[in-house]
Structures are given as C-alpha cells and as structure tokens.
Amino acid sequence: MASWEGKTRGGVLGYKIFVWTLRHLGLGFAYFLLSFVVLYFMAASGKAFGAIYRFYRNILLYSPLRSFFSIYGNYYMFGQILLDKIAMLAGFRQKFTFRFEGEEHLRSMTEGGLLVSAHVGNWEIAGQLLNRLERKVNIILFDAEHRRISSYLSDVMSERNVNFIVIRDDFSHLTEIREALGRSEIVAMHGDRHIEGNKTMSIDFMGRPALFPIGPVNMAATFGVPVSFVFAVKETRSHYHFFATPLQRVARSANPLKREAAYRSALLAYTAKFEEIVRRYPLQWFNYYDFWKQPAVTAGTNL
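Here goes a summary of the coordinates provided. (Residues numbered from 1 in each chain as written. Predicted model: local features only at pLDDT ≥ 70, side-chain atom pairs only at ≥ 80, totals over all residues. Heavy atoms only, no water.)

## Points about the environment of Thr236
Consideration 1: Looking at the secondary structure, you find Thr236 in strand 8 (residues 227-236).
Consideration 2: Taking the C-alpha atoms as reference points, Thr236 and Phe96, separated by 140 residues in sequence, lie 9.8 Å from one another.
Consideration 3: Here the side chain of Thr236 touches His239 through a polar contact of 3.2 Å, landing on its backbone nitrogen. (Helix = DSSP H or I, 4+ residues; strand = E, 2+ residues; numbered from the N terminus. Polar contact = N/O pair within 3.5 Å; in protein donor to acceptor, adjacent residues only side chain to side chain.)

## Some remarks on the packing of helix 9 (residues 215-223) against helix 10 (residues 256-280)
Consideration 1: The N-to-C vectors of helix 9 and helix 10 enclose an angle of 120°; their axes lie 9 Å apart at closest approach. Accordingly, the angle class assigned to the pair helix 9 and helix 10 is oblique. Of the two elements, helix 9 crosses helix 10, and the hand of that crossing is right-handed. Counting all contacts with helix 9, which are made through Val217, Asn218 and Ala221, the residues of helix 10 involved are Tyr263, Ala266 and Leu267.
Consideration 2: Residues of the contact of helix 9 with helix 10, tallied by class, amount to five nonpolar, one polar and no charged. (Axes fitted to C-alpha atoms, helices over the stretch in contact; angles between N-to-C directions. Parallel < 35°, antiparallel > 145°, perpendicular 65-115°, else oblique. Left-handed = near helix turned anticlockwise from the far one by under 90°. Contact = heavy atoms within 4.5 Å. Nonpolar A, V, L, I, M, F, W, Y, C, P; charged D, E, K, R; others polar.)

## Structural notes on the pairing of strand 5 (residues 186-190)
Consideration 1: Among the five residues in strand 5, five count as buried, and that is most of the element.
Consideration 2: By the alternation rule, side chains of strand 5 split into Ile186, Ala188 and His190 and Val187 and Met189, which are all buried.
Consideration 3: Examined bridge by bridge, strand 2 (residues 113-117) and strand 5 share five bridges and lie parallel to one another. Opposite Leu115, over in strand 5, you have Ala188 as the bridge partner.
Consideration 4: As paired elements, strand 3 (residues 137-141) and strand 5 share three bridges and run parallel to each other. What sits directly across from Val137, in strand 5, is Ile186. (Buried < 20%, exposed > 50% of the residue type's maximum accessible area, 1.4 Å probe, protein only. Pairing = 2+ DSSP bridges.)

So this is what it looks like as structure tokens:
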C-alpha cells in the first residue's frame, strides 16, 4: 500500500457552503446540486479517478463501463455522506434513522476503549450511539487541514460530545489520549492508511497484500484497553447501519515475536471485517490512491 499523504480533499470554505445550504435550502436541494458537482470532480480528480477505477476494474473485476458508473456512484455517495456528516454535527439529526448492530459490545466498554474504523461509509455517526450511551468520543485526526475544519465544525456543533485530538510531531497527543482513556472515554481512529515512516504490517486484503499501520493495535496494547472495529454505512437516503465487533484485547509483550503475533492476529480480525464491509458496500470505500502499491523491496513486516 503506498503511503497516504495525510491530506483529504476539501477545505473550510466548502464546509461553510454546505452548512449554509443545509440551513437555508435543505438537505434535498444540497443532494440535487451534488449530482452536478460530482461530474466536475470526476473530470478534475486525475490520480484519484485512476486509483478508484483500478479498484473497480482490477480488484472487483467490473467491466470498464460498470467501473466508470461506479466511480460516479462512489463520488456521489461521498458527497452525500459529507453533507450528512455536517448535517448531524450541526444539529439536523432528526433527519436520519440508525440501526446499531453490536451496541452491546460498546456498552460493555465501561472503562474506556478504542474504536478503529476505516475510510468507508460515515464512521462519525458513532457519535449518535455514544450519545445513547452517554459517552464522550475523542476522534484522532492526522493533518493540518483537518485542524482548521475541526475548529470550524466545533463552532457549528449543537452538542459537544466530540473532541478532536490532532497527531503532533512532538507526540503530545499521546498525553491527550492517555488522559481521555483515564477518564473512561472512547478514542476513535482510522486504521486503513499509513503515512511515510509509520510502522506497518503486510496483510492480505481483497486478495492482494497491502500495508496496514500497526499504530491502532499498538495503542490498544500500550494502554491496555479493549478495541472494537466499527463501521457505519449509508443504506438509504436517510438511514445508516452501524456495525461494532466484539471487544478484543491486544496482548502486550516485550518479546518481538510474541508482539508481532499479537499485532498480526488483531490486524487480521480488523481487515477481515473491513473487507466484508467493502465487498458489501463497494460504493462506500473512499480510497483515492493506489492502496495496494508497495515499495519495490518489502520484508512483509515492518515493525
């Protein structure tokens, strides 16, 4: 898997436009505008278009025509989910319904824990479940652009049950994570991308080897907290389905071989559920770079 650059499309201005549209013209009108905006992004996305096309054509083995229309569906779904995300954060939650599968696993996470998701569906709706559980969630963010976006979204949030923890070069974010877990709160992060220099492990995914960061499972082992793999997908215009796996613990060991085995076991469980979700909802994996590309020389594991 080629390393991710740590940046995601979109900026604060785009979010402001979306919020204004939602408040004054409604979600339906925003969806209508989105159907045209998608065409522009398809034409202008360049490398992203090629990467997602190869996913549909080479990994899922779609025909060229089906692959092309799947890209439109993927971009349109991405836009809808972005709008839904902002709508929910800005207080329009009554417009959506939710099905929570595995809620009992998170209810048993009474002393804090880690949620690991991926860039599939709309994982931020986990906050809806945590509202029901009266738990606070701390979302780990990776890039400077997200810092500006999170600052703006904090201003429009109707309920502040979400806190953002930004990864910093001085590792001060680890203190924030430790303190949050010490308060029996939830920490949530993605586990499907790595930035250059991160420690990784090669795992078979969708029939081909890809590199996954060990950071999430290492965090679970280091802080001694249970981990659940969570995914939230859009099933209809206004309905979401949330999945949470049974809790598991990642053994901490000073022995390199035992540590590697523990990490691999946890990552295999994560990627198995991740692949199941991607195959079931192929239009909702928002991966716009060559996920399976690896360096010319790899040793399988990079611990």
